[in-house]
Amino acid sequence: MRSRHYGPDVLAEGRRRPGQRELPRVAAERGLVVEDRAGEFCGAVVFCEKDAVTLEDRHGRRRVFPLSPAAFLLEGKPVMLVRPAPAKPAGPGGPGTTGGPGGRTASGSIAAPPSRAKVAKASRIYVEGRHDAELVEKIWGDDLRDVGVVVEYLEGIDDLPAIVADFAPDSARRLGVLVDHLVTGSKETRIAAQVRSPHVLIVGHPFIDVWAAVKPSVLGIGAWPRVPPGQPWKEGVLAAIGWRQETGAAWQRILRSVTSFADLEPEFLGRVEELIDFVTAPGSE
């Protein structure tokens, strides 16, 4: 059950004074990362109700705050959070359409007609980390639900051979694995080579991190920065592009910028499509 504790009274300092400029109104969309005005809590929006918003920080902790003027900081600037407007159904072929024949999902597939929820297949797709899973869900979520395929994240592939053995793949129970930085000579390539099964498909993209699977132009940058070896990649990227955010908040900013398959690099797109085809092939459960 979610807590109804609202924390400090932010209403008092948020009231407008005569002559004070009105604050920008920002829709409290799911995934938007904000900070409370007191600087005590920073998190992503997970719920927005009539008069309150629930934030979740990078440790998974949640707090509920009232929707009120000046209660929040967005990228360091005071804003007023408001409830998002109800989503309007997109027309046939419009972006994000999932409501009927002729529409398109975020992956570019023709949207299936509305149907009852499907029982999940025994076959699975594993990805390395949480960010990989969130990106796959954002673009292919509708398609995966339509075919009943579940995507799970591993928090790294160091134990991949044991994970595959525990899954016990067979001809009807297939396993697809998406690996970051699967290039010649990498640690990931050496680990993947230890798995040998006709019922397992391991594919990967060349990027050090899934962040780089997002086209830099989507974020308004010319290219992903080169980070010197030995330096944490995400932190190095944030420093180079001037984003003064923690990696969790930065990822939510990146994820919000992605709206369709066109925002992703083909090296990533192709591998995910290949895995979906593999685990949904005739004969798989």
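Starting afresh in each chain, residues are numbered from 1 along the sequence in its written order. Per-residue local features are limited, in this predicted model, to residues with pLDDT of at least 70; the limit for side-chain atom pairs, both in listing and counting, is 80 or more; totals at the level of whole chains, interfaces and linings are taken over all residues. Heavy atoms throughout the structure, all of them, feed into the side-chain values; hydrogens and water do not.

## Description of the overall build of the protein
In plain terms, the rule: Think of it this way: any DSSP run of H or I at least four residues long counts as a helix, any run of E at least two long counts as a strand, and we number them from the N terminus. Only protein chains enter the calculation, and the probe is 1.4 Å; a residue is then buried if its accessible area is under 20% of its type maximum, exposed if over 50%, and partly exposed in between. It only takes one pair of heavy atoms within 4.5 Å for two residues to be counted as in contact.
From N to C terminus, the protein includes 7 helices and 11 strands. Within the span of the protein, comprising 285 residues, buried residues form 43% of the whole. Across the protein, contacts joining residues at least 24 apart in sequence account for 63% of those joining residues at least 6 apart.

## Here we look at helix H2 (residues 130-147)
To be explicit about the condition: One fewer than the residue count of a helix, multiplied by 1.5 Å, yields its expected span. Here the bend at a residue is taken as the angle between two axes, fitted respectively to the seven residues that end there and the seven that start there.
End to end, H2 covers just 22 Å across 18 residues, shorter than the expected 26 Å (1.5 Å per residue, more than 12% under). The sharpest bend along H2 measures roughly 80° and falls at Trp-140. Listed in full, the buried residues belonging to H2 are His-131, Asp-132, Ala-133, Glu-134, Leu-135, Val-136, Ile-139, Trp-140, Gly-141, Asp-143 and Leu-144. Gly-148 sits one or two residues past H2 and shows a positive phi near 75°.

## Observations regarding the sheet that holds strand E5 (residues 62-66)
Rules: Paired strands, in this sense, are two strands between which DSSP finds at least two bridges. Axis definition: a line fit to C-alpha positions, over the contact stretch in the case of helices; interaxial angles, taken between N-to-C directions, run 0 to 180 degrees.
Reading across from one edge, E1-E7-E6-E2-E3-E4-E5 is the order of the 7 strands in this open sheet, with mixed pairing throughout. The open sheet has two edge strands with one neighbour each: strand E1 (25-27) and E5. With direction set aside, neighbouring strand axes in the sheet form an average angle of 50°. Bridging between strand E6 (residues 72-74) and strand E7 (residues 77-82) involves 3 bridges; their strand directions are antiparallel. Residue pairing for E7: Phe-72 is matched across the bridge by Val-79.

## Overview of the pattern of salt bridges
Convention followed: Just to be clear on terms, a salt bridge is a Lys or Arg side-chain nitrogen sitting within 4 Å of an Asp or Glu carboxyl oxygen.
Following the criterion strictly, the structure yields 7 salt bridges and no others. When the shortest N-O distance is used, the salt bridge between Asp-158 and Lys-187 registers 3.2 Å. With Asp-158 in the loop between strand E9 (150-153) and helix H3 (160-167) and Lys-187 in helix H4 (residues 187-192), this pair connects stretches of sequence that are 29 residues apart. Classification of Lys-187 by relative accessible area gives partly exposed; the value is 43%. Beyond isolated ion pairs, a larger network of salt bridges with shared partners links Glu-137, Asp-142 and Arg-145.

## Focus on the pairing of strand E8 (residues 124-127)
Going by this rule: Crossovers are marked right-handed if the path from the first strand over the helix to the second runs clockwise, as seen with the strands pointing away from the viewer.
Of the two faces of E8, the one holding Arg-124 and Tyr-126 and the one holding Ile-125 and Val-127 are both buried throughout. Across 4 bridges, the pairing between E8 and E9 is parallel. Residue pairing in the sheet places Ile-125 in a bridge with Val-151 of E9. In this fold, the crossover linking E8 to E9 by way of H2 has right-handed handedness. Pairing of E8 with strand E10 (residues 175-179), which is carried by 4 bridges, proceeds in the parallel orientation. Bridge pairing links Val-127 to Leu-178 in E10.

## Description of the layout of surface pockets
Note the threshold: Here a cavity denotes grid points, spaced 1 Å and computed from the protein atoms alone, that fit a 1.4 Å probe unable to get out, and a pocket denotes an open set having protein on both sides within 12 Å along at least 5 of 7 lines; residues with an atom within 4 Å of a point are the lining. Grid points are joined across faces, edges and corners, and a volume is the space filled by probe spheres set on the points. In this classification, the charged set is Asp, Glu, Lys and Arg, the nonpolar set is Ala, Val, Leu, Ile, Met, Phe, Trp, Tyr, Cys and Pro, and all remaining amino acids, among them Gly, are polar.
Approximately 1,400 Å³ is the volume found for the largest pocket. At the level of secondary structure, the elements contributing two or more residues to the lining of the largest pocket comprise strand E2 (33-36), strand E3 (42-48), E6, H2 and helix H6 (247-257). Element by element, the count of residues in the lining of the largest pocket is highest for H6, at 8 residues. Residues that form the lining of the largest pocket fall into these classes: 14 nonpolar, 11 polar and 19 charged.

## Brief notes about the sheet that holds E8
Strand order in the open sheet formed by 4 strands is E9-E8-E10-E11, with parallel pairing between adjacent strands. In this open sheet, the two edge strands, each paired with only one partner strand, are E9 and strand E11 (200-204). Here the strands of the sheet are splayed against their neighbours by 20° on average, with no regard to which way each runs. Note that E10 and E11 share 5 bridges and pair parallel. Opposite Leu-178, over in E11, you have Val-203 as the bridge partner. Taken strand by strand, H2 contacts E8 and E9, and its axis lies near 175° from that of E9. Where helix H7 (residues 266-279) meets the sheet, its contacts fall on E8, E10 and E11, and the angle it forms with E10 comes to roughly 170°.

## Regarding the packing of H2 against H7
For clarity, the cut-off: Should the near helix be turned anticlockwise from the far one by less than a right angle, the crossing is termed left-handed; should it be turned clockwise, right-handed.
Their axes nearest at 12 Å, the elements H2 and H7 cross at an angle of 40°. Crossing geometry of H2 relative to H7 is assigned as right-handed. Along the contact surface, H2 presents Leu-135, Val-136, Trp-140 and Leu-144, while H7 presents Phe-268, Leu-269, Val-272, Glu-273 and Ile-276. The class makeup of the residues in the contact of H2 with H7 is 8 nonpolar, no polar and 1 charged.

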